[in-house]
Every structure is written in structure tokens, then in C-alpha cells.
Amino acid sequence: VSNIAVMIEEAIEPPLARMAGTLAQRAAEGKLRQLRLGSQGVDFSTNDYLGLARDKALHQQVLESWAAYIDSPTNGATASRLLGGESVLAEETEADISRFHQAESALLFATGYMANQGLLSCVANRGETILYDAYVHASLREGLRLSLATTLSFHHNDLEHLREQLARAKGQVYVATESVFSMDGDTALLAEIATLCREFGAKLILDEAHALGVLGQKGEGLWTTDLEDVTLARVYTFGKGLGCHGAAVVGSNILKLYLINYCRPFIYSTALAPVQMLAIRHAYPMMAAADDARTQIRTLAAALNEGLKDLKVEGFLADYCPAQASIAAIIQPGNTEVRALAATLQAAGFDVRPVVSPTVQAGTERIRICLHSYNTLGEVEKLLSTLRANYAKATRPL
Ligand SMILES: Cc1ncc(COP(=O)(O)O)c(C=O)c1O
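Now for a look at the structure at hand. Once a new chain begins, its residue numbering starts again from 1 and follows that chain's sequence as written. Selection of residues for local features in this predicted model requires a pLDDT of at least 70, selection of side-chain atom pairs for listing and counting requires 80 or more, and totals for whole chains, interfaces and linings are taken over all residues. Hydrogens and waters are ignored; side-chain quantities use all the structure's heavy atoms.

### Looking at helix α6 (residues 138-146)
Because an α-helix packs 3.6 residues into every turn, residues spaced three or four apart end up facing the same way. Along α6, the positions that sit buried rather than exposed are Ser139, Leu140, Gly143 and Leu144. With its buried residues spanning 145° around the axis, α6 presents them on a single face. The exposed residues of α6 that point more than 90 degrees off its buried face are Arg145 and Leu146. Contacts between residues were defined by any pair of non-hydrogen atoms, one from each residue, lying within 4.5 Å. Comment: elements are numbered from the N terminus, with helices defined as DSSP H or I runs of at least four residues and strands as E runs of at least two. Looking at the buried positions of α6, the neighbouring elements they touch are α5 (112-122), β3 (129-133), β4 (150-154), β5 (173-178) and β6 (203-207). Here's how the labels work: a residue is buried when its accessible area is under 20% of the maximum for its type, exposed when over 50%, partly exposed in between, all with a 1.4 Å probe on protein chains only. The arc refers to the directions leading from the helix axis to the C-beta atoms.

As C-alpha cells, then:
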């Protein structure tokens, strides 16, 4: 922090002086974001839900297939797929992904951010309307900002409000939401949303980022084939439950061809590197087979939810979001307060991070708790008892 203070102090040239002023203001408000090394302690913060990012067998499989790849042409993809970066491996990887997700086709992207931003920005035309859940991820919002269509939010998971917005929306309508919300950990009311989409002729765009690997048969996510008739596109990201990197938009052949033609992050960016695609191909079957890991996450979630409920009932906890998949949140209003709580938990041996405003709405600052198959019930219990001791020390309960 002192380095940063000096850095800000010493910036006298415009535009760095202006940036320094903005940063100083942000720091004074307790909102300065900083990178921090160290996954010290019990991991309750990463998105490696099934432990695949640290799985030695997966690592070994990728190494071996990468070694076998020695006669193939390149280390990197060399270009965008439209300009020489196309490969048999990309096509085979997409075929694997679309088969697993029971879709006609899949299109790979370098990250989930690019997939969402690109998809949302190009899929709808002027005169059409995209309705989106107020809690969708920044990557979808970025695409919405770039879209030529009218974009309107509906209150988070609020079916009545969605219905009102559907009634008011013009042209072809799209409804964008997430299977598992990344900061609250709750799930979309998909069946009800699909019913409304049917009634109004709207098409669903679903981000399955935090559901892949955790929910559904073989970890396939929240989407099921009975939603096929209302679904335009699904987005699967590989940097979370799959433990790799990249993403795919899954849907029809027409959608894929449209994206290849109009989706700028696909057209103007280098394709995934071969080693990344090999990792994705090896990780999928491992993820599908990880039923024990999913059971463990559910067991941990039940224990955590029970403990957080007790703490709230006893008046200690301002609020909490129960885990419906593998994400929960302990609400601790105030950036300073949530940082102090994170420090207490870190000192007790937990790798947790505060999520401060403006990432979340002011007053709903939180410790986001991610549960993993490699966490234990003992760790969850120790987390709960640390919270209890911390709150009990405070002069009065909340
Ligand atoms: C819901 C959701 N969608 C998309 C993304 C972006 O995915 P990626 O990390 O692959 O860019 C995230 C990442 O945090 C996310 O939480």
C-alpha cells in the first residue's frame, strides 16, 4: 500500500496525474483494488470447484497429449481462425463440446468474458430488445452496452417484473440470464423463465459459467433439453469448474455461422492455443465422471447454509446468501468492515477475499465463499466457529 501511495504521490505528468488523483480518491473511499499474491490457507475463494485445476492426473494427460502433438505445426494458434489459425484440433474440440451439451454446434472463445461480450453485442439488431437479469456478470453487460438493440433489465430473478418487461419489449426479444449467479450463488428460475419466453416468443441466452461441473447430470449445468425450443445460445466457460481456460458458445449451426461472421472478439482475436484445447478435451470426461466431487460440494453447502442460518437467527450475521450450487456469501456491509472481516478469517487460516462496492452494490459487501470438492466438513465448521467467535467479540450483536 505504501508503494502505491508513493506511486500516486509522484505522478505529476498528465494524464498520469489525473489517474493518480482518481486512484487516491478511490483509496480514500476504501475501494482501491489491488492484486495480492498467495493462495495461503484453506481455499474458499477460487472457482476450481472440482479441483481439476490442481489435478495431477489431468496435468499428466495434457502433458502426454501435448508431447504427442510434437509433429503438429504450432505452439500458438498463430492467428484468428479466419486468418490461418483454424485447426483440426479446434474443430474436434468443438465437436466434443457440442456432443456433450446436446447441441448442433459450439464455437470456442479465448475467455468467457469475450464469449459473452461478443455474443450479446452482435446477436440482436436495432429494433429488437434484450432483457437481462439485473445481476448478470460484467461481461454480459459489456456486450449489452455495445448492442444496437434496446436493452432493459429485470429485477433479479423476479418473474413478475420479467413479465412486465416482456409485455413492453419491442421486436424480437431475448432474455439473458445466468444459471448460477456469481456473487449471490443462487440459481435462475429457468423453467419459469422458459415458460414466459414461450408465452412471449422470446429467446433465452444462458451463461452456465458457475454451473458447469457443479450442477446437472454429469455436471452438464442447469440447462436441460426441454428448454431447447426457447434457447438461442448457452455459454460455457472453462476457467472455473473445468479447471482450464477458454469458453464456448453452444447453439445451432446458423448461430455459429452468424458469430463467425459478426462476433468481433471471435473474428479479431487469436484462437485458443493447442495446449489449451487439449486441456479442455481431457478435462471434460473427468468433469463428467466427478459425481463424488459434486456430492461432497452438496454436503459442504448444506452444512455451511445451516451454520450461516443459525448465525443470522442468533442476530450475529447481517445477512447471507445460501449456496444453491457452490457459491455462498456472508454479507458484511461496508468496505472497511468487510475487509476487516476478511483479515480476521485470513488470520485464522482461510483464503477468502472481500468483495467490495462497486463490484457489488454498496451495503451488500460480502465475503464470497466458494466450496470445492477438496474442502472438508471440518474446514466449514472451523469457518463457522471463527465467524461466531469474531461476532461474539464485537461489543454488540448486529
Ligand atoms: C457468470 C460469469 N460469466 C462469465 C465469466 C467470464 O469468464 P472468464 O473468466 O472465462 O472470462 C465470469 C467470470 O468471472 C462469470 O462469473
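That shown, we press on.
### A short note on the packing of helix α3 (residues 56-68) against helix α11 (residues 274-288)
Whenever a helix is involved, its axis is fitted only over the stretch in contact; in every case the axis is a line through C-alpha atoms, and angles between N-to-C directions fall within 0 to 180 degrees. Here α3 crosses α11 at 135°, and the two axes come no closer than 9 Å. Compared by their axis directions, α3 and α11 come out oblique. The way α3 lies across α11 gives a crossing that is right-handed. Side by side, α3 and α11 meet where Ala57, Leu58, Gln61, Val62, Ser65 and Trp66 of the first sit next to Pro274, Val275, Leu278, Ala279, His282, Ala283 and Met286 of the second. Comment on the angle field: the value is read as roughly parallel under 35 degrees, roughly antiparallel over 145, roughly perpendicular from 65 to 115, and oblique elsewhere. Note on convention: near helix rotated counterclockwise from far helix by under a right angle means a left-handed crossing. Clockwise means right-handed.

### Some details on the sheet that holds strand β12 (residues 353-355)
Two strands make a pair as long as DSSP finds a minimum of two bridges between them. Here 4 strands make up an open sheet; going across it, the order is β9-β10-β13-β12 and the pairing antiparallel. With partners counted over all chains shown, the strands left at the sheet margins are β9 (319-321) and β12, one partner each. With strand direction ignored, the average angle separating the axes of adjacent strands in the sheet is 30°. Those strands touched by helix α13 (residues 335-347) are β10 (327-331), β12 and β13 (366-370), and its axis lies near 40° from that of β13.

### Points about the side chain of Thr93
Of note, Thr93 is situated in helix α4 (residues 88-100). Assessed through its relative accessible area of 1%, Thr93 is described here as buried. Not counting chain neighbours up to four residues away, the residues in contact with Thr93 comprise Leu108, Met277, Ile280 and Arg281.

### Here's the deal with the packing of aromatic side chains
Each Phe, Tyr or Trp ring (for Trp, its six-membered ring) is paired with any other whose centre lies within 6.5 Å, and the angle between the two planes then decides the class: stacked below 30 degrees, edge-to-face above 60, tilted in between. Evaluation of the coordinates by the stated rule reveals 6 aromatic pairs. In textbook terms, an aromatic cluster arises when at least three aromatic residues are bridged by ring pairs, as seen for Phe100, Phe238 and Tyr284. Lying across the ring of Trp223, Arg234 places its NZ or CZ 3.4 Å from the centre. By definition here, charges over rings are those cases where NZ of Lys or CZ of Arg is within 6 Å of the ring centre and within 35 degrees of the ring normal.

### Considering unusual backbone geometry
In the segment running from Pro14 into Pro15, the intervening peptide bond is cis, with an omega of 0°. Mapped onto the fold, Pro15 is located in the loop between α1 (2-10) and α2 (16-28). Even without being glycine, Asn157 reaches a positive phi, approximately 55°. Structurally, Asn157 is set in the loop between β4 and α7 (159-168). Of the residues examined, Asn157 reaches a relative accessible area of 17% and is grouped as buried. Although it is not a glycine, Lys218 adopts a positive phi angle of roughly 55°. Looking at where Lys218 falls in the secondary structure, it is placed in the loop between β6 and β7 (231-237).

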